Amino acid sequence: MRQRNKSVHLLLAAAVLAAAVLGTASAALAAGPAQANGETTLTADPLSTWQTDGIVWSMAYAKGIVYVGGTFSHIRPPGAAPGAGGELARTNFAAFDAKTGAPLPCAPAFTGGTGTIRAMKASPDGSKIYIGGSFGKAGPVGRSNTASLNTADCTIGADWKPTVSSTVRAIDVTDDSVYIGGGFGTVQGQTRERVAALRPDGTLLPFKATIRGSSVSNDPTPAVNALTVAPKLNKVIIGGRFTSVNGSLFTVHALAGLDATTGKVVDSFAGWIPSRSAVKALANDGTNFYLGAEGTGGGVFDGRAAGRLSDGAQLWKDTCLGATQTVLPYKGVLYSGSHAHDCSSTPGGFTDINNRQHFLAQSISDKTILPWFPDTNDGIGEQIGPRTMAMADGILWAGGEFTTVNDAPQQGLTRFAAGPDTGAPQVPLLSGASGSRGKVTLNWKASWDRDNGVLTYKIYRDGDYLTSVSGDSRYWNRPAMSYTDTVDPGSEHRYSIEVTDGTNVSGRNGPVYVTARN
């Protein structure tokens, strides 16, 4: 696991102490986090994972199995190119062993409509997976945009067969209720505008909220894109594209907290989401809730925010640009999928450097961006990159539109675990010169690592270990570093350097030959 960086002051103090003990050492350190709360992240090294030939929109985990839904027709082995062989037919749905990633035979086809699964959620006891999207058939039986799967035998649930008039885009489940959101207007033939609640047997509940309007210019149709339920608080938080809930025009925009029994607005979140932004993702950890947003045009909110479930108070809100599609809290860290390209006003963030960072990890306590930088490309479809995440037995599964992960071919699916960390930093180029009597100054540009902020540079003189210098760096901020060695005037020495993230060690660079001035 990757330890969060210490503060700049601690790093500078360590550098001063090292200089006093070992010689003169200097490192131009990058700006680090303002606080140190000890969070750890997963590694950034992807596990070997099967792929899809299309887009993964949703995932769910239950009883050792990860269920994957989207728009695809086949899955293929890790590392295999499209059409290279070994493909298995899977129509918009697939199941995998959560630990090994191996495909499982559970594979009902979801067809009709646009043939897309957009949302999935396991029941609290893991016995069922509730599925939503745009389809008219689930396996061998007819279903209207939603279905359930019995996890014990991979059969389509016989009781859960409500008629939903349009696409289901969001699902959350409690012990006795299933909440759905989307673009529909009726459920079971009764008016339910964009959100509804049903019992596990499909009985429509009285819960009702009227969701209307949208000010997002590129997608004007009102919809609930995401929802998360806090059953102990009897609260449902919904997010999407809308400007009115239960007639509350201009007081609610894109985000609302509803009474889970009646649908009455209990939290309006005024001012959270600007007019040209929409909420795309919601999750909660029982204490707080977290959202991801996207917008169009200037002055939008594209990032993440955290709020308190009990009273709807905002805890923090970042300012990153690059639409956020999925959020997942885990052990004090908020993981997200987006195409972030400007996080300059967020602690630990980066300026707009003509680069999209598709995964981020942030401290839940203070929104600081942590040193965890696996990445994908934008991929196919709308070219957003990651679209969904699920945590399964300590392994983070991610799906989306991407076709590469960490610059290697990998389509639709990837996984990250707490270990092992296998990626070594790239060794820097070393140079040296003598500017004064008996002094040799070595210079190099800091390296960087996908899941470690502070790296240690080991310096060797004449083949023997001399000293180590540590420094904080990111891929967008690799400062100049140096070390000054004291030797006999007129003596010649050969120097080399290697860098470690604490687990992996790079190759050794050099040697560099330097003669000290007399």
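Before going into details, it helps to say that this report is about the structure given with it. (Residues numbered from 1 in each chain as written. Predicted model: local features only at pLDDT ≥ 70, side-chain atom pairs only at ≥ 80, totals over all residues. Heavy atoms only, no water.)

Let us now look at the pairing of strand S43 (residues 464–472). Here strand S42 (residues 454–461) runs beside S43; their pairing, made up of eight bridges, is antiparallel. Across the sheet, the residue bridging to Tyr-457 is Val-469, located in S43. The antiparallel hairpin formed by S42 and S43 contains two residues in its connecting segment, where Asp-462 sits at a positive phi of about 55°. (Pairing = 2+ DSSP bridges. Helix = DSSP H or I, 4+ residues; strand = E, 2+ residues; numbered from the N terminus.)

The next point concerns the sheet that holds strand S16 (residues 155–156). The strands making up a sheet associate through hydrogen bonds between their backbones, and the pairing can be parallel or antiparallel. Reading across from one edge, S11-S12-S15-S16 is the order of the four strands in this open sheet, with antiparallel pairing throughout. Looking at strand neighbours, the two that pair on one side only are strand S11 (116–122) and S16, the edges of this open sheet.

Another aspect to go through is the state of the cysteines. The tally for this structure, following the rule as stated, stands at two disulfides. At a sulfur-sulfur separation of 1.9 Å, the disulfide partner of Cys-106 is Cys-154. Taking the sign of the S-S torsion, about 80° here, the bridge from Cys-106 to Cys-154 comes out right-handed. One end of the pair, Cys-106, is in the loop between strand S9 (93–97) and strand S10 (110–111); the other, Cys-154, is in the loop between strand S15 (146–150) and S16, with 48 residues separating them in the sequence. Judged by relative accessible area, Cys-106 falls into the buried class, the value being 12%. What makes Cys-154 partly exposed here is its relative accessible area of 23%. Note that Cys-320 is cross-linked by a disulfide to Cys-343, the S-S spacing being 2.0 Å. One disulfide, between Cys-320 and Cys-343, carries an S-S torsion of 125° and so falls in the right-handed class. Note that Cys-320 is positioned in the loop between strand S31 (314–317) and strand S32 (326–330) and Cys-343 in the loop between strand S33 (333–340) and strand S34 (357–363), a separation of 23 residues in sequence. Classification of Cys-343 by relative accessible area gives buried; the value is 0%. (Disulfide = S-S within 2.5 Å. Buried < 20%, exposed > 50% of the residue type's maximum accessible area, 1.4 Å probe, protein only.)

Quick look at the environment of Ser-473 now. Along the polypeptide, Ser-473 turns up in the loop between S43 and strand S44 (480–486). Looking at Ser-473, the relative accessible area reads 1%, which means it is buried. Along the sequence, Ser-473 and Thr-404 sit 69 residues apart, while their C-alpha atoms lie 24 Å from each other.

This next bit is on the nonpolar core. Counting residues in each nonpolar core, the largest one holds 19 residues, and the members touching the most others are Tyr-179, Val-195, Ile-211, Leu-227, Ile-238 and Val-245. Residue assignment for this core shows that the elements contributing at least two residues are strand S21 (195–198), strand S23 (223–230), strand S24 (235–241) and strand S26 (255–259). Examining the composition of this core, we find that three residues originate from one element, S23, more than from any other. Setting aside chain neighbours within four positions, we find Ile-211 in contact with Glu-193, Arg-194, Val-195, Val-224, Ile-238, Phe-242, Ser-244 and Val-245. (Core = buried A, V, L, I, M, F, W, Y, C linked by side-chain atoms within 4.5 Å. Contact = heavy atoms within 4.5 Å.)

Within the secondary structure, Gln-357 is located in strand S34. Taking the relative accessible area as the measure of exposure, Gln-357 reaches 2% and is therefore buried. From its side chain, Gln-357 meets the backbone oxygen of Phe-359 in a polar contact 2.9 Å long. Contact partners of Gln-357, with chain neighbours within four places excluded, come to Ser-338, His-339, Ala-340, Phe-350, Phe-373, Pro-374, Asp-375 and Tyr-475. (Polar contact = N/O pair within 3.5 Å; in protein donor to acceptor, adjacent residues only side chain to side chain.)

Without other data, these values stay purely geometric and don't point to any function.
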